[in-house]
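Here is how the chains run, residue by residue.
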Amino acid sequence: MSPENTRVAIIGAGPAGLLLSWALRDAGIDSIVVENRSQDYVLARIRAGVLEQSAVETLTRLGLGERIRTEGLEHDGIYLQFRGERHHVDFQELIGRSVTVYGQQEVVKDLIAAHNAAGSTIYYEAADVAVHDLESSAPRVTFTHAGEAHEITADFVVGADGFHGVCRASIPREAITLYDRSYPYAWLGILANVAPSTDELIYALHEDGFAMHSMRSPHVSRLYLQVDTADSLDQWPDERIWENLHARLGVPGWTLQEGEITDKSITPMRSFVASRLAYGSLFLAGDAGHIVPPTGAKGLNSAIADVTMLAAALAAHYADDDALLSGYGEAALRRQWRVQQFSQWMTDLLHRNRTDLQTMEFDYQSQLGRLDYVTGSVHAQRELAEQYSGLPF
Ligand code: APR
Ligand code: PHB
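The numbers attached to residues start from 1 for each chain and follow its sequence in the written order. Labels follow written order: the first chain is A, the first ligand is 1, and so on. Side-chain atom pairs in this predicted model are given and counted only at pLDDT of 80 or more, local residue features only at pLDDT of at least 70, and totals for whole chains, interfaces and linings cover all residues. To get the side-chain values, take all heavy atoms of the structure and skip hydrogens and water.

Notes on the sheet that holds strand 13 (residues 156-159)
Here is step 1 of the chain: Following DSSP output, two strands are said to pair if at least two bridges run between them. The secondary structure listing takes helices from DSSP runs of H or I that are at least 4 residues long and strands from runs of E that are at least 2 residues long, numbered from the N terminus. Taken in spatial order, the six strands line up as 9-3-2-13-20-19 in an open sheet, and their pairing is mixed. Both edges of this open sheet fall to strand 9 (122-123) and strand 19 (278-279), since each of them pairs with a single strand only.
Here is step 2 of the chain: In the sheet, strand 19 pairs with strand 20 (residues 282-284) via two bridges, with the strands oriented antiparallel. Each residue of the ladder has a partner; that of A278, found in strand 20, is F283.
Here is step 3 of the chain: It only takes one pair of heavy atoms within 4.5 Å for two residues to be counted as in contact. In this analysis, axes come from line fits to C-alpha atoms, helices being fitted only over the stretch in contact, and the angle between any two N-to-C directions falls in the range 0 to 180 degrees. Here helix 1 (residues 15-26) sits on the sheet in contact with strand 2 (8-11), strand 3 (31-34), strand 9 and strand 13, set at roughly 160° to strand 2.

Side note on the site of ligand 2
Here is step 1 of the chain: Any residue with a non-hydrogen atom lying within 4 Å of a molecule or strand is treated as near it. By nearness alone, 15 residues border ligand 2, and Y203, S214, R216, Y224 and T295 come closest of all.
Here is step 2 of the chain: At 2.6 Å from an oxygen atom of ligand 2 is found a side-chain nitrogen or oxygen belonging to Y203.
Here is step 3 of the chain: Any pair of N or O atoms that falls within 3.5 Å is considered a polar contact. Within protein, one atom must be able to donate a hydrogen and the other to accept it, and sequence-neighbouring residues count only if both atoms are side-chain atoms. Contacts to ligand 2 include S214, whose side-chain N or O atom sits 2.6 Å from an oxygen atom.
Here is step 4 of the chain: Surface accessibility follows the Shrake-Rupley procedure with a 1.4 Å probe radius. Residue values consider only the protein chains on display as shielding. Protein chains shield 99% of the accessible area of ligand 2, which is 280 Å² for the free molecule.
Here is step 5 of the chain: When contributions to the shell around ligand 2 are tallied by element, the ones reaching two or more residues are strand 15 (201-206), strand 16 (209-217) and strand 17 (220-227).
Here is step 6 of the chain: Here the element with the most residues in the shell around ligand 2 is strand 16; it accounts for three residues.
Here is step 7 of the chain: Nonpolar residues are Ala, Val, Leu, Ile, Met, Phe, Trp, Tyr, Cys and Pro. Charged residues are Asp, Glu, Lys and Arg, and all others, Gly as well, are polar. Classifying every residue of the shell around ligand 2 gives nine nonpolar, four polar and two charged.

Quick look at the UniProt feature "domain: FAD-binding" (unreviewed entry) in the protein chain
Here is step 1 of the chain: Within the UniProt annotation, "domain: FAD-binding" (unreviewed entry) is assigned to residues 6-343.
Here is step 2 of the chain: Helix makes up 31% of residues 6-343 and strand makes up 34%, while its end C-alpha atoms are separated by 37 Å. UniProt positions are given in the numbering used here, feature names are shortened, and annotations may be inferred rather than shown by experiment.

Quick look at the packing of helix 3 (residues 53-61) against helix 8 (residues 299-318)
Here is step 1 of the chain: For the pair helix 3 and helix 8, the least separation of the axes is 10 Å and the interaxial angle reads 50°. The angle between helix 3 and helix 8 places the two elements in the oblique class. Between helix 3 and helix 8 the crossing geometry is left-handed. From helix 3, A55, T58, L59 and R61 reach across to helix 8, where they touch N301, I304 and T308.
Here is step 2 of the chain: For the contact of helix 3 with helix 8, a count of residues per class yields three nonpolar, three polar and one charged. Should an angle fall under 35 degrees it is called roughly parallel, over 145 degrees roughly antiparallel, and 65 to 115 degrees roughly perpendicular, with every other angle called oblique. Two helices crossing with the near one rotated counterclockwise from the far one by less than a right angle form a left-handed crossing, whereas a clockwise rotation gives a right-handed crossing.

Examining the nonpolar core
Here is step 1 of the chain: Membership of the largest hydrophobic core comes to 73 residues, with the highest contact counts inside it found for V34, L51 and V141.
Here is step 2 of the chain: It is helix 8 that contributes the most residues to this core, nine residues altogether.
Here is step 3 of the chain: Sequence-distant contacts of V34, defined by excluding residues within four places in its chain, comprise I10, I11, G12, Y123, A126, V129, F143 and I152.
Here is step 4 of the chain: Formed by 34 residues, the second largest nonpolar core is a distinct cluster that contains L94, Y183, L201 and L368. Nonpolar core, defined: a set of buried Ala, Val, Leu, Ile, Met, Phe, Trp, Tyr and Cys residues in which side-chain atoms within 4.5 Å join the residues together. Residue burial is assigned from relative accessible area. The probe radius is 1.4 Å, only protein chains are included, and a residue is buried under 20% of its type maximum, exposed over 50%, and partly exposed in between.

Observations regarding the side chain of D231
Here is step 1 of the chain: Along the chain, D231 turns up in the loop between strand 17 and helix 7 (238-249).
Here is step 2 of the chain: Here the positive residues are Lys and Arg and the negative ones are Asp and Glu; neither His nor the chain ends is included. A side-chain nitrogen of Lys or Arg and a carboxyl oxygen of Asp or Glu constitute a salt bridge if their distance falls within 4 Å. One buried charged residue, D231, remains without a salt bridge, the closest side chain of opposite sign being R240 at 5.0 Å.
Here is step 3 of the chain: Beyond its immediate chain neighbours, meaning those up to four positions away, D231 contacts W236 and I266.

As for the pairing of strand 7 (residues 85-90)
Here is step 1 of the chain: Here strand 6 (residues 77-82) pairs with strand 7 via six bridges, running antiparallel. Bridge pairing links Q81 to R86 in strand 7.
Here is step 2 of the chain: Connecting strand 6 to the antiparallel partner strand 7 that follows it, the hairpin turn spans two residues, and R83 within it adopts a positive phi of roughly 50°.

Concerning the pairing of strand 14 (residues 178-193)
Here is step 1 of the chain: Sheet topology note: the strand 14/strand 18 (residues 260-274) ladder contains 13 bridges and is antiparallel. When the bridges of strand 18 are listed, D180 appears paired with F272.
Here is step 2 of the chain: Strand direction decides the pairing type here: strand 14 and strand 17, joined by seven bridges, are antiparallel. Its bridge partner lying in strand 17, L188 is registered against L225.

Structure representation (structure tokens):
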């Protein structure tokens, strides 16, 4: 076996890894992607669906904007709902920015189509992926593919292998601190074959818990319910889901349309940040370095922000300027902490935290007070609009 050589070896073909490889190609920099799942599996994974304006701009600049333009749904704001009343927060009017509803799955589909057409090297179904010699300037990646042992030597390795990947775990324990916060509730998400009953996303705080109405297309709705972390899908037959969605999302004079449920899943919520996104010749991007609860829709957008910064830093490195690359870890982390506090704020604002009864009742009234403040203050709404539509990167 003779080792393959590339400039950047990327572990993981999620949105972070695929986009980084594509952005590097655009800058004339070779890379190889190594993924442990199959292409079909990667294409089928259903995740979030809101793109910040800067994310749309990045994808468009890299030639990936075609379907976002024709099939993405541009949204000017969101609805915040509480006490059974719906309030519009109009980002466009407040700060002149918007977001685009376009499934992560579609972003991945566009990336894979582009890579396949360009003939990129992506090893799917790679087993026993391991990274080596990260402290040196000649790191290596080893794995087995189609029964054969492979070795890649590179200038850099990028861990875009998600929360459970091998790259972050390859940094010595004493060199990294993990900041973690879990939430005492989860999201049950459904996809339903029915036209959305709303023009903008609805985020609702209800006595029974959080609910949300999102969408994927003019014919497909995406809806979420706060459930207990111990709940399983068999406790949530379709009728119970719709009943809860009607109760939590209902306002007088408005009807939630039901449709065939085609996908159902329960996702735990967590906030997580690694203290470093750079170690020797390894860089982390996306979920490998940080996780947010889904309430502010920042997971995919953070991955896109990391990768945009990292691609620019690698391009500068190969043009003999190392400042950006040596500052990547710090710059991406500082941006991420700003995103973290927003995701935590949106999550705490909108979920029922079932602690002891007294605290729970106090917290609920206090949340209503905060929502009254936000919907009643143009300053608070601008703050929300600026963060939801995306910080610069
Ligand atoms: N070797 C190779 N690939 C791996 C390994 C491994 N040991 N472990 C994990 N992977 C792959 C996963 O199969 C997955 O395809 O790495 C990829 C990581 O992709 P994602 O989990 O989608 O993470 P990322 O690309 O950072 O995208 C972040 O995904 O989880 C959502 O909310 C998050 O929207 C955000 C986005
Ligand atoms: C989604 O459409 O899946 C979605 C939208 C907004 C969120 C989270 C998820 O905050």
